[in-house]
Amino acid sequence: MSYAIATRVGVITQSQLDSYLGKSIGAICQNGYADDHDNHCAHFVSHVLGYTFGVTCQMMGNGRGTGATLRVQELFPKCKSVGVWSLRPSSFSTCLVFISRASNVNLAGKVMANVPRKHIGIYLNGFIWHYSNSRHQVIKETPSQFKRHYPSPDNAMFYGTFP
């Protein structure tokens, strides 16, 4: 079965997400915000899905293209619904996926603390596409692989429906 994500930039399919695999953020961002020392997970997600709120790469880079949101903690509260990954409704076959220490997340207030150990990806068709800051490229993993992004206790997973 083929799935697609309706986004601010149109519909994103698994094939389109796969086209990002192996690409560095420098190949994705037209604003020159591509320092390997920066965290680009929210940056990648925002370029793909068209999120332009909060601090953007256009503000931080050379400003040649559309700005994309840079901060995970700015994406989390914009989600229409958030929750614990293991309790994700089966109807949410596509969504955002977050990982951080459980105590860094307030689900009732839809707040994620601004801490170094937080990460985001796009869940579609049983896989998560995200920007691997250690590999400096987009990768695709299963949720069980993604859960190993950080060691316990920093590996609590959460879902968020698209803003």
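The following paragraphs examine the structure supplied in this document. (Residues numbered from 1 in each chain as written. Predicted model: local features only at pLDDT ≥ 70, side-chain atom pairs only at ≥ 80, totals over all residues. Heavy atoms only, no water.)

## Remarks on the overall build of the chain
Right, so step 1: Looking only at helices and strands, the chain has six helices and ten strands in total.
Right, so step 2: The C-alpha radius of gyration computed for the chain amounts to 14 Å, which stays within 12% of the reference 15 Å derived for 163 residues, consistent with globular compactness.
Right, so step 3: Across its three principal directions, the C-alpha atoms of the chain cover 40 × 35 × 30 Å.
Right, so step 4: Expressed as a percentage of the 163 residues in the chain, the buried residues total 48%.
Right, so step 5: Partitioning the intrachain contacts of the chain with sequence separation of at least 6 by distance along the chain shows that 65% fall at a separation of at least 24.
Right, so step 6: On the chain, the mean spot of the 15 positive side-chain charges and the mean spot of the 7 negative ones are 8 Å from each other. (Helix = DSSP H or I, 4+ residues; strand = E, 2+ residues; numbered from the N terminus. Rg over C-alpha atoms; globule rule 2.2 N^0.38 Å. Buried < 20%, exposed > 50% of the residue type's maximum accessible area, 1.4 Å probe, protein only. Contact = heavy atoms within 4.5 Å. Lys, Arg positive; Asp, Glu negative; His and termini not counted. Charge placed at Lys NZ, Arg CZ, Asp CG, Glu CD.)

## Re the nonpolar core
Right, so step 1: Counting residues in hydrophobic clusters, the biggest one holds 36 residues, and the most contacted among them are Phe 44, Leu 49, Leu 96, Phe 98 and Ile 120.
Right, so step 2: Elements that contribute at least two residues to this core include exactly α2 (25–28), α3 (41–49), α5 (72–75), β4 (94–100), β7 (118–124), β8 (127–132) and β10 (156–160).
Right, so step 3: Top contributing element to this core by residue count: α3, with six residues.
Right, so step 4: Setting aside anything within four residues of it in sequence, one finds Phe 44 in contact with Tyr 20, Ile 25, Ile 28, Ile 122, Trp 129, His 130, Tyr 131 and Val 138.
Right, so step 5: Core analysis: the next-biggest nonpolar cluster, separate from the first, contains ten residues, Cys 95, Ile 99, Tyr 150 and Met 157 among them. (Core = buried A, V, L, I, M, F, W, Y, C linked by side-chain atoms within 4.5 Å.)

## Examining the sheet that holds β8
Right, so step 1: Read from one edge to the other, the open sheet built from six strands follows the order β3-β10-β4-β7-β8-β9, with strand pairing classed as antiparallel. At either margin of the open sheet sits one strand with a lone partner, and together these are β3 (82–84) and β9 (137–141). Each strand axis lies, on average, 30° off the axis of its neighbour in the sheet, ignoring direction.
Right, so step 2: Pairing geometry for β8 and β9, over five bridges, is antiparallel. From the neighbouring strand, Trp 129 faces β9, where its bridge partner is Lys 140. (Pairing = 2+ DSSP bridges. Axes fitted to C-alpha atoms, helices over the stretch in contact; angles between N-to-C directions.)

## Describing the pattern of salt bridges
Right, so step 1: Counted according to the given criterion, the structure contains four salt bridges.
Right, so step 2: Glu 74 is paired through a salt bridge with Arg 71; the nearest N and O atoms lie 3.7 Å apart.
Right, so step 3: Judged by relative accessible area, which is 36%, Arg 71 ranks as partly exposed.
Right, so step 4: Between Asp 154 and Arg 101 there is a salt bridge, with the nearest N and O atoms lying 2.7 Å from each other. Linking Asp 154 in the loop between α6 (143–146) and β10 with Arg 101 in the loop between β4 and β5 (105–106), this pair joins segments that are 53 residues apart in sequence.
Right, so step 5: Since its relative accessible area comes to 9%, Asp 154 is described here as buried.
Right, so step 6: Here Arg 101 falls in the partly exposed class, since its relative accessible area comes to 34%.
Right, so step 7: Where salt bridges share partners, they join Arg 101, Arg 117 and Asp 154 into one cluster. (Salt bridge = Lys/Arg side-chain N within 4 Å of Asp/Glu carboxyl O.)

## Describing unusual backbone geometry
Right, so step 1: Ser 152 connects to Pro 153 through a cis peptide bond whose omega is 10°.
Right, so step 2: Among the secondary structure elements, Pro 153 is positioned in the loop between α6 and β10.
Right, so step 3: Positive phi, normally seen in glycine, also occurs at Lys 110, with a value near 50°.
Right, so step 4: Residue position: Lys 110 is located in the loop between β5 and β6 (111–112).
Right, so step 5: Lys 110 gets classed as partly exposed once you look at its relative accessible area, which sits at 22%.
Right, so step 6: Even without being a glycine, His 136 presents a positive backbone phi close to 60°.
Right, so step 7: Position of His 136 among the secondary structure elements: in the loop between β8 and β9.

Function-wise, these values are silent; they only describe arrangement.
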